[in-house]
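Notes for the structure review
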Amino acid sequence: MKITAIALSSILPATVAFTSKGPVPTQTAMLAADTATVPSPEKTIFDPLGLYSANSPERLDGLIKPLESSTLSATKEIFDPLRLYSDQSEVSGKVETSAALPFLPRPALLDGSLPGDRGFDPFNFASDANSLQWQRKAELKHARLAMLAAVGWPIAELMHKNIADAFDLAPLLASNDRVPSILNDGLSHAHFPAFWIATIAVAAALEITESVAENVSCKLNPTDYGFDPLNLGGKTDEQKRFMQEAEVFNGRLGMLAIVGFAAQEFVLKSAVVDQIPIFFKPLNVAFEQL
């Protein structure tokens, strides 16, 4: 009897240790918990990608709703260039896309009235009329400078040494006969401070003159400085439009070219005229270098 009592006293604590302290869930409680996790058949389902088929029970029961509410859909235009909406009747059909970026709507102010306008403003720099005018002036100024630079860059690499020798001056080209730029530390070759003082003074004089002229008078085209000595601007409206667009397009190409020149010389460590001599040197010299 003592042995039996000792055995029972040792088994009971072990049994209690592995027994849950809380109440044991009944089968009814477990079933209720499982039922609570099942989504309600009345819950709204959003399916913008059209994953539910036309014969699915959810679509037949009218549980699938558009992402936009009815009040928003009535006032807000829905743009769907990738045709993600299965029901295209929900998409606004009057949205005009950008010619440059056909997957984006055309900016409101870029209506094609300006020469060279192709609706390219993904960062909305021209958010209002004043910003548009300022950006337009900045673009044309940089475009004109870039066109001059795109011509002057290879000419400098081809003729700078000869001109410097003719005037008995030290050449200012960077290493490997590259045009001085920020990327090749060539700007340190310029005479300081005379070069920078002259450059900043000329730029400031041009900007101040333009600012004064804007306060005194109002020009319809703020980028027109009346410079056309060869009368190439055109006589008719169509000819003027063509030349204005040609200036914008070539200026944009010039800006890309200057960036490409600087990047090429920084990476390849050689002059542009030596990298692609067929564009800048006589054919016999170009073929020898190739």
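Residues numbered from 1 in each chain as written. Predicted model: local features only at pLDDT ≥ 70, side-chain atom pairs only at ≥ 80, totals over all residues. Heavy atoms only, no water.

1. Examining the packing of aromatic side chains
Quick reminder of the rule: Only the six-membered ring of Trp is used, alongside the rings of Phe and Tyr, when aromatic pairs are assigned; centres must lie within 6.5 Å, and planes under 30 degrees apart are stacked while those over 60 apart are edge-to-face, with the rest tilted. Partly exposed residues are those whose accessible area sits between 20% and 50% of the maximum for their type, while under 20% is buried and over 50% is exposed, using a 1.4 Å probe and protein chains only. In this description a helix means any DSSP run of H or I spanning at least four residues, a strand means any run of E spanning at least two, and both kinds are numbered starting from the N terminus.
Going through the model one piece at a time under the given rule, you end up with two aromatic pairs. With centroids separated by 5.9 Å and ring planes inclined at 35°, the aromatic side chains of Phe123 and Phe125 adopt a geometry described as tilted. Look at Phe125 and you get exposed, because its relative accessible area is 53%. When the centroid spacing of 5.8 Å and the interplanar angle of 50° are considered together, the rings of Trp153 and Phe261 count as tilted. Taken as a pair, Trp153 in helix 5 (residues 129-166) and Phe261 in helix 7 (residues 237-268) lie far apart in primary sequence, 108 residues in all. Each member of the pair, Trp153 as well as Phe261, is classed as buried.

2. Details of unusual backbone geometry
Glycine aside, residues mostly have negative phi angles, and peptide bonds mostly take the trans form. Here the phi dihedral of Asp168 falls at roughly 55°; this positive angle occurs in a residue that is not glycine. Among the secondary structure elements, Asp168 is positioned in the loop between helix 5 and helix 6 (194-216). Assessed through its relative accessible area of 71%, Asp168 is described here as exposed. Residue Asn231 is not a glycine yet carries a positive backbone phi of 55°. Along the chain, the position of Asn231 falls in the loop between helix 6 and helix 7.

3. So, the pattern of salt bridges
Put simply, the rule reads: Definition used for salt bridges: Asp or Glu carboxyl oxygen within 4 Å of a side-chain nitrogen of Lys or Arg.
According to the stated counting rule, one finds 11 salt bridges in the structure shown. The salt bridge involving Lys141 is made with Glu207; its shortest N-O contact spans 3.1 Å. Residue Lys141 is located in helix 5, and its partner Glu207 is located in helix 6; the two are separated by 66 residues in the primary sequence. For Lys141, a relative accessible area of 25% translates into the label partly exposed. Judged by its relative accessible area of 40%, Glu207 is partly exposed. The partner of Asp177 in a salt bridge is Lys161, and the shortest N-O contact between them spans 2.9 Å. Highlighted residues: Asp177 in the loop between helix 5 and helix 6 and Lys161 in helix 5, separated in sequence by 16 residues. Residues joined in a network through salt bridges with shared partners are Lys137, Lys141, Glu207 and Glu210.

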